[in-house]
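An overview of the molecular structure
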Amino acid sequence: MLEGQKRIQSALISVFNKDGLEPLIRELNRLNVKIFSTGGTQSFIEGLGLPVTPVEELTAYPSILGGRVKTLHPKIFGGILGRRGLESDVAQLEEYAIPPIDLVVVDLYPFEATVAAGGSEADIIEKIDIGGISLIRAGAKNHRDVVIVAAQAQYGDLLRILRDQDGTTVLTERKRLAGLAFGVSSHYDSAIHNWFTGGEGELRVSAGPRHGLRYGENPHQPASFHGDLHGLFEQVQGKELSYNNLLDLDAALELIDDLSTIKGVPFAILKHNNACGAAIRPTLKEAWDAALAGDPVSAFGGVLITTAPIDKATAEAIDTIFFEIICAPDYAPEALEVLRRKKNRIILKRKPAQRPAMKVRTALNGVLVQAPDSVIDGPANMRTATRKAPTATEQQDLVFANILVKHTKSNAIVLAKDLQLLASGTGQTSRVDALEQAIAKARKFNFDLQGAVMASDAFFPFPDCVAIAHSAGITAIVQPGGSIKDQESIDACDAQGQAMVITGNRHFKH
């Protein structure tokens, strides 16, 4: 006999969400497992025409206080916590007529979903589970004798055990499920803590299930992702997403969501978290063509993203280059046929999903936490500082360029024209270097910079960038301002006939 082998003979089932529950109930019934249950779960089982014992028959107490107290009773918790191998525990179970409970299936009230949906404080408080969290901890603590299943995601695992092992479990299985159960309770309590403290208390982070990755940024670095990728994407095809893929996708989603605030269809191509191509056009195919033209060399192996469904014509154009990932809300069937020609391509359908409210990263011997840079500097945020105001076309391009520079590694300069990224200078140690890099790159791909606009992620400490931009043909500039020498840059623009707008919002990205 394997270590700790035990047969499930009784079960307590009390869940908020009944999805996926029916196969478990039917299998437990086939195995002649006695089922205790509560409220809605009891009614669900009765609706299947299967036997179930209300917990009230066991406890001799009804559900009270509007359902707040149902399972909090010694006859429930004694049955879960009683140690089958300890004579004194067994004697007390017999003395008080407490039946052992071998399996606990429970989920928790949807606290996070209620918060995310904007529920009232009263609604949120009522979604703080008491009985469920106690059942999870009790079942997990006594895993030497009890199987605990604390989430719908574990139903398949339990069903396999029931079918393949005829209702028998071993200690290693119960211990593994106990660990998963404590993960559920820890995540739940972290969410409650963070809501009560409003993010001002000690940091409690519980991102979700662990997904092992092939490696980290480099092959010698072990890595994993913690969260619900399936809640964000449906992977239609392709190899497993890598650490670097996930970082690029994170940058891509943030960029495309901001670009979607401008009228038209946005398309962006990213490499190493930076846009190497981006454009907004009336149609998807036009947006793709303009984005690719920004830097067809860097697009090789890139991440492609848009907010529009992919049609066949665009898919045919995209199919001519090598890329790692494409992400869109949907794909026409004939477009998928085209894109599936190369099996390693990662094809993702994006789902509506809430992104984290805070940005978290390790630093030194602790953790840094900040709010996302959610500011989009539209025309209302742009104060004209020069005698000349930008034209309507320049104004639109300034908004577009400023979104791009916000999502580019600092120090950053972006050059744009007609809602198309012409070039960017990324991650430079001086702003002059970033500008000169951008100008050189734009010229490499034969872009005419006459009438283009420039965006800077931070202020100009000196007027040298303004002079360089003027020499290249740039006619309008957006920057946050804040330098003690702002006026020198403004005066240089006035002397050269350029327009400059100031937003007051710096957009460093490190």
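Okay, so let's go over this structure. For clarity, every value in this text was computed on a predicted model and none was experimentally measured.

Turning next to the overall build of the protein chain. Scanning the protein chain from terminus to terminus reveals 18 helices and 23 strands. Viewed in the frame of its principal axes, the protein chain has a C-alpha envelope of about 95 × 50 × 45 Å. Pairs at least 24 residues apart make up 57% of the contacts formed inside the protein chain by residues separated by at least 6 positions. Accessible area for the protein chain stands at about 24200 Å²; split by element, carbon and sulfur atoms hold 53% of it. The positive charge centre, built from 53 side chains, and the negative charge centre, built from 59, are 3 Å apart in the protein chain.

Where nonpolar side chains cluster on the molecular surface, the patch consists of Leu-203, Val-205, Met-358, Val-360, Val-367 and Val-369 and spans about 490 Å² of accessible area. Relative to the elements of secondary structure, Val-369 occurs in strand E17 (residues 366-370).

Turning to the packing of aromatic side chains, a few remarks are in order. In total, this model carries six aromatic pairs according to the counting rule given. When the centroid spacing of 6.3 Å and the interplanar angle of 65 degrees are considered together, the rings of Phe-111 and Tyr-188 count as edge-to-face. Taken together, the residues span a long stretch of sequence, with Phe-111 in helix H6 (residues 111-116) and Tyr-188 in helix H10 (residues 171-197) at a distance of 77 residues. In this structure Phe-111 comes out as buried when scored by relative accessible area, which is 2%. The class for Tyr-188 is buried, based on a relative accessible area of 6%. Ring geometry for Trp-195 against Phe-196: centres 4.9 Å apart, planes inclined by 80 degrees, an arrangement best described as edge-to-face. Given the relative accessible area of 25%, Trp-195 is considered partly exposed. Judged by its relative accessible area of 52%, Phe-196 falls in the exposed class.

Contact geometry for helix H11 (residues 243-259) and helix H15 (residues 392-406): axes closest at 10 Å, N-to-C directions at 165 degrees. Relative to H15, the element H11 lies roughly antiparallel. Classified by chirality, the crossing of H15 by H11 is right-handed. Contact with H11, carried on its side by Leu-255, Asp-258 and Leu-259, involves Phe-400, Ile-403, Leu-404 and Lys-406 of H15 and no other residues of that element. When its residues are assigned to classes, the contact of H11 with H15 shows five nonpolar, no polar and two charged.

By the criterion of burial, helix H8 (residues 131-141) is predominantly enclosed, with eight of the 11 residues buried. Every buried residue of H8 is listed here: Gly-131, Gly-132, Ile-133, Leu-135, Ile-136, Ala-138, Gly-139 and Ala-140. Tucked inside the fold, the buried residues of H8 contact strand E2 (10-14), helix H4 (74-81), strand E5 (103-106), strand E6 (147-149) and H10.

Since the α-helix turns once every 3.6 residues, residues separated by three or four places project in the same direction. The terminal C-alpha atoms of H15, which comprises 15 residues, lie 21 Å apart, in line with the 21 Å expected from a rise of 1.5 Å per residue. The buried fraction of H15 is high, at 12 of 15 residues. If you check which residues of H15 are buried, you get Glu-394, Gln-395, Asp-397, Leu-398, Val-399, Phe-400, Ala-401, Asn-402, Ile-403, Leu-404, Val-405 and Lys-406.

Mapping Ala-423 onto the fold places it in strand E20 (residues 420-425). Along the backbone, Ala-423 and Ala-495 are 72 residues apart, and their C-alpha atoms lie at a distance of 26 Å. Ignoring sequence-local partners within four residues, the contact set of Ala-423 consists of Ile-413, Val-414, Leu-415, Ala-438, Lys-441 and Ala-442.

The subject of this paragraph is the packing of helix H17 (residues 464-472) against helix H18 (residues 486-496). At a minimum axis distance of 8 Å, the contact between H17 and H18 shows a crossing angle of 25 degrees. Taken as axis vectors, H17 and H18 run roughly parallel relative to one another. Considering only the axes of H17 and H18, their crossing is right-handed. Residues Val-466, Ala-467 and His-470 of H17 lie in contact with H18, whose contacting residues are Ser-489, Ala-492, Cys-493 and Gln-496.

This part covers the pattern of salt bridges. For the structure shown, the criterion picks out 23 salt bridges. Counted as one network, the salt bridges with shared partners bring together Arg-7, Glu-27, Arg-30, Arg-163 and Asp-166.

Let's shift gears to the pairing of strand E12 (residues 274-281). Among the eight residues of E12, eight are classified as buried, and the element is accordingly described as predominantly covered. As defined by bridge partners, strand E11 (residues 265-271) adjoins E12 across seven bridges and the pair is classed as antiparallel. If you follow Leu-270 over to E12, its bridge partner there is Ala-275. Turn length for the E11-E12 hairpin, with the two strands adjacent in sequence and antiparallel, is two residues, and the turn residue His-272 shows positive phi of about 50 degrees.

Criteria and thresholds
Residues numbered from 1 in each chain as written. Predicted model: local features only at pLDDT ≥ 70, side-chain atom pairs only at ≥ 80, totals over all residues. Heavy atoms only, no water. Helix = DSSP H or I, 4+ residues; strand = E, 2+ residues; numbered from the N terminus. Contact = heavy atoms within 4.5 Å. Areas by Shrake-Rupley, 256 points an atom, 1.4 Å probe, with all protein chains shown as cover. Lys, Arg positive; Asp, Glu negative; His and termini not counted. Charge placed at Lys NZ, Arg CZ, Asp CG, Glu CD. Patch = residues over 30% accessible without salt bridge, like charges linked within 9 Å, V, L, I, M, F, W, Y side chains within 5 Å. Salt bridge = Lys/Arg side-chain N within 4 Å of Asp/Glu carboxyl O. Phe/Tyr/Trp six-rings, centres within 6.5 Å; stacked < 30°, edge-to-face > 60°. Buried < 20%, exposed > 50% of the residue type's maximum accessible area, 1.4 Å probe, protein only. Axes fitted to C-alpha atoms, helices over the stretch in contact; angles between N-to-C directions. Parallel < 35°, antiparallel > 145°, perpendicular 65-115°, else oblique. Left-handed = near helix turned anticlockwise from the far one by under 90°. Nonpolar A, V, L, I, M, F, W, Y, C, P; charged D, E, K, R; others polar. Expected span 1.5 Å × (residues − 1). Pairing = 2+ DSSP bridges.

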